[in-house]
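The lines below spell out each chain.
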Amino acid sequence: MDSSSSSSSVDLNSGFSSKTKTFQSLRPPLLLPPESSPLSAASYALSLQQNTSPWLKSTAFIDSSTGRRISFSDFRQRVVSLASSIQNTLRLSKNDVAFVLSPNSTHIPILYFSLLSLGIVISPANPLSTESELLRQIKLTKPVIAFATSRNFQKLPKLKHPAVLIDSPEFESMMTNTNTGYLKFETVEVNQSDLAAIMYSSGTTGDVKGVKLTQQNFIASIANYHAQRPERNSPAVMLYTVPLFHVFGFHYILKSVTLTETVVVMERFDLKKMLKTVEDFKVTQLVVAPPVVVAMAKGSVTHGYDLSSLEAVGSGGAPLGKDVMQAFGDRFPNIILFQGYGLTETAGAAFRAATTEEMLRRGSVGRLLANSEAKIVDADTGIVLPPGEQGELWIKGPTIMQGYFDDPKNTSETLMPGGWLRTGDLCYIDHHGYLFVVDRLKELIKYKGYQVAPAELEQLLQSHPEIVDAAVIPYPDEEAGQLPMAFVVRRPRSSLVKEQVIDFISKQVAPYKKIRRVAFVSSIPKSPSGKILRKELKRIHLTGSKL
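These numbers come from a predicted model, not from an experiment.

**Remarks on the overall build of the protein chain**
Here comes step 1: Looking only at helices and strands, one finds 17 helices and 28 strands in the protein chain.
Here comes step 2: In terms of overall dimensions, the protein chain is globule-like: its C-alpha atoms have a radius of gyration of 23 Å, near the 24 Å expected for 547 residues.
Here comes step 3: Dimensions of the protein chain, computed from the C-alpha atoms along their principal axes, are close to 75 × 65 × 50 Å.
Here comes step 4: The 547 residues of the protein chain split such that 56% are buried.
Here comes step 5: Sequence separation of 24 or more characterises 68% of the internal contacts of the protein chain that already satisfy a separation of 6 or more.
Here comes step 6: With the model as given, the accessible surface of the protein chain reaches about 23,500 Å², and the carbon-plus-sulfur share is 50%.

What follows is the structure, given as structure tokens:
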């Protein structure tokens, strides 16, 4: 097709092409490094920083519990020293898989950059995983070595090499041994098409899958952030409450090094400690999962903390409701709350709010990244839909995964001809190119032929002043097929009863969307990124018949 005729068919407001029926990115095209030139994501991030940052000697990482700081110049030296130790002492080679099992620490970014620069594939896992869960992951990806902590390495089976303890004096010396480090470090030719990481999908809908992400996937992700970097007079101070073993934290570390942001690292999330950390280290931006936004918007938990340094709070992992966003805005009028959308399969963000104007588009998760395309497909008919219509979101671009590790069936069901990734999410893109996430297609409740989105009901429930948290799942019913059932966490000392919950929702939704059953629980099970683990609720409550 003639490019001039195809570009003339693109609506400049939404990015929708009437000819191709796809949404083009509204952002300026990125000039990415030629695919054939050898380059690791770590080298790319550091070179962009070196060439464009005025703050090369500023603080890179701060340990929130000890206050210990690592400067960017120290960070770069430690990356080289550790890479040399990994190469010479541990004898690891390009394409080896390294399992990483650790809570957040300032050592993790140094480890990631070292492994990426050597072409060693990073396979990070949740340190709270059980032995059987870890064994499944290790059987899948066959790592030759594990980097773990003294608290959790016992859970691991024996691998080719002994486990390296990240919290040991030996690891510290591997990062600081500069005598031999610079002399013996051999540069490895890492290609952009090489695997950078195998990340485990959250497994909310089935068995765990190993998502294959390349160096190029992360290079494209880094380039997008760098192109949209905001003007600042001093480095941003970031606090990630998300785990670094998750793609959310993983790609944010790459982004923060690229943009010379100071990152405050918390080992374990605790809401009050988070607020104290914001106060102590003058944090300018928080990155959180939705439950944290709900807690800040609704509770008295923020009273007594100085949050005046906070400029913005970014949320991802699951959609936020407009009511929660409104409540947060009313409570913190000087803090911008914004959302992003991404999957492990998109190497992090695929849509995000990059400017203040985009961040203020309430309920939206932002606009499509540069060099990417999207389409909304009717899940039943396969027809591609125009702006404003709900369907399954498909994405195409340089951040899309290579496939699932050793899993051709799931790969062929998710990656479509032409390079399109089926996200499994019910979404729509409005007439200004903003994405709105409705729910997971697989989570939809089928009530008498109608489709009910649990996320919509959850957001309404969370707007109730006496409800701290909520989840909705399908409850089997002979007549209706499935009934919407709510699990509700009440505010302490609340006297809220089931009938009040049912009545509260019924006044706000169509009859088929009404909540039909309610159970009060002490907490809602969630993945590290904040997604509700509905299958856990079903397993505990529907099979156990505790209602």
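**Overview of the nonpolar core**
Here comes step 1: Among the nonpolar cores identified, the biggest contains 89 residues, and F75, I86, F113, F147, Y341 and F351 are the most heavily contacted of them.
Here comes step 2: Leave out the neighbours within four places in its chain, and I86 touches R91, L92, L111, S114, L115, L118, I120, F147 and M174.
Here comes step 3: With 29 residues, the next largest nonpolar core counts M274, V294, L310 and L337 among its residues.

**With respect to unusual backbone geometry**
Here comes step 1: A positive phi angle is found at K21, which is not glycine, with a value near 65 degrees.
Here comes step 2: Mapped onto the secondary structure, K21 falls in the loop between helix 1 (3-8) and strand 1 (23-24).
Here comes step 3: Its relative accessible area of 37% is what places K21 among the partly exposed residues.
Here comes step 4: For R91, which is not a glycine, the phi torsion comes out positive at approximately 60 degrees.
Here comes step 5: One can find R91 in the loop between helix 3 (72-88) and strand 4 (97-101).
Here comes step 6: Given a relative accessible area of 59%, R91 falls into the exposed group.

**A short note on the packing of helix 2 (residues 41-52) against helix 4 (residues 107-117)**
Here comes step 1: At a minimum axis separation of 7 Å, helix 2 and helix 4 run at an interaxial angle of 115 degrees. The angle between the axes of helix 2 and helix 4 places the two elements in the roughly perpendicular class. Here A42, A45 and L46 of helix 2 come into contact with helix 4, specifically with F113, L116 and S117.

**Examining the sheet that holds strand 16 (residues 367-368)**
Here comes step 1: Across the sheet, which stays open at both edges, the 9 strands sit in the order 3-2-11-10-12-13-14-15-16 with mixed pairing between neighbours. The two strands at the open ends of the sheet, each matched to only one other strand, are strand 3 (69-71) and strand 16.
Here comes step 2: Relative to strand 11 (residues 262-265), strand 2 (residues 59-63) is paired through 3 bridges, and the arrangement is parallel. Residue pairing across strands places I62 opposite V264, the latter belonging to strand 11.

**Topic: empty space enclosed by the protein**
Here comes step 1: Taken as a whole and assessed by the stated rule, the structure comprises 3 cavities of 30 Å³ or more.
Here comes step 2: As a volume, the largest cavity reaches approximately 60 Å³.
Here comes step 3: If you go around the largest cavity, the residues you meet are S14, F23, Q24, S25, L26, F351, R367, L368, I429 and G433.
Here comes step 4: Taken together, the elements giving at least two residues each to the lining of the largest cavity come down to strand 1 and strand 16.

**What to know about the environment of Y225**
Here comes step 1: Looking at where Y225 falls in the secondary structure, it is placed in helix 8 (residues 215-227).
Here comes step 2: Distance in space between the C-alpha atoms of Y225 and E458 is 31 Å, their sequence separation being 233 residues.
Here comes step 3: Apart from the residues within four sequence positions on either side, Y225 is in contact with H251, Y252, K255, L259, A349 and R352.

**Focus on the layout of surface pockets**
Here comes step 1: Its volume calculated, the second largest pocket comes out at about 850 Å³.
Here comes step 2: Around the second largest pocket sit 30 residues that line it, and T241, F269, V292, S527 and P528 are the ones nearest its centre.
Here comes step 3: Those elements that provide at least two residues to the lining of the second largest pocket are helix 11 (290-298) and strand 26 (467-477).

**Some words on the packing of aromatic side chains**
Two measures describe an aromatic ring pair: the distance that separates the ring centres and the angle between the ring planes.
Here comes step 1: Taken as a whole and judged by the stated rule, the model has 12 aromatic pairs.
Here comes step 2: Ring geometry for Y112 against F250: centres 4.7 Å apart, planes inclined by 40 degrees, an arrangement best described as tilted. Residue Y112 is found in helix 4, and its partner F250 is found in helix 9 (residues 247-258); the two are separated by 138 residues along the sequence.
Here comes step 3: For F250, a relative accessible area of 1% corresponds to the buried category.
Here comes step 4: Aromatic rings pair up to connect Y225, Y240, F248 and Y252 into one cluster.
Here comes step 5: We note K375 situated over the ring of W420; from NZ or CZ to the ring centre the distance is 4.5 Å.
Here comes step 6: The aromatic ring of F520 is capped on one face by R490, whose charged end is 3.8 Å from the ring centroid.

**Structural notes on the side chain of S123**
Here comes step 1: Checked against the element boundaries, S123 lands in strand 5 (residues 121-125).
Here comes step 2: By relative accessible area, which is 0% here, S123 ends up buried.
Here comes step 3: Polar contacts involving the side chain of S123 include one to the side chain of Y200, which spans 2.7 Å.
Here comes step 4: Sequence-distant contacts of S123, that is, excluding residues within four places in its chain, are made with V97, A98, F99, V100, T141, I198 and Y200.

Parameters at a glance
- Residues numbered from 1 in each chain as written.
- Predicted model: local features only at pLDDT ≥ 70, side-chain atom pairs only at ≥ 80, totals over all residues.
- Heavy atoms only, no water.
- Helix = DSSP H or I, 4+ residues; strand = E, 2+ residues; numbered from the N terminus.
- Rg over C-alpha atoms; globule rule 2.2 N^0.38 Å.
- Buried < 20%, exposed > 50% of the residue type's maximum accessible area, 1.4 Å probe, protein only.
- Contact = heavy atoms within 4.5 Å.
- Areas by Shrake-Rupley, 256 points an atom, 1.4 Å probe, with all protein chains shown as cover.
- Core = buried A, V, L, I, M, F, W, Y, C linked by side-chain atoms within 4.5 Å.
- Axes fitted to C-alpha atoms, helices over the stretch in contact; angles between N-to-C directions.
- Parallel < 35°, antiparallel > 145°, perpendicular 65-115°, else oblique.
- Pairing = 2+ DSSP bridges.
- 1 Å grid on protein atoms, 1.4 Å probe; cavity = no way out; pocket = protein on both sides within 12 Å on 5 of 7 lines; lining within 4 Å.
- Points joined across faces, edges and corners; volume = space filled by probe spheres on them.
- Phe/Tyr/Trp six-rings, centres within 6.5 Å; stacked < 30°, edge-to-face > 60°.
- Lys NZ or Arg CZ within 6 Å of the ring centre and 35° of its normal.
- Polar contact = N/O pair within 3.5 Å; in protein donor to acceptor, adjacent residues only side chain to side chain.

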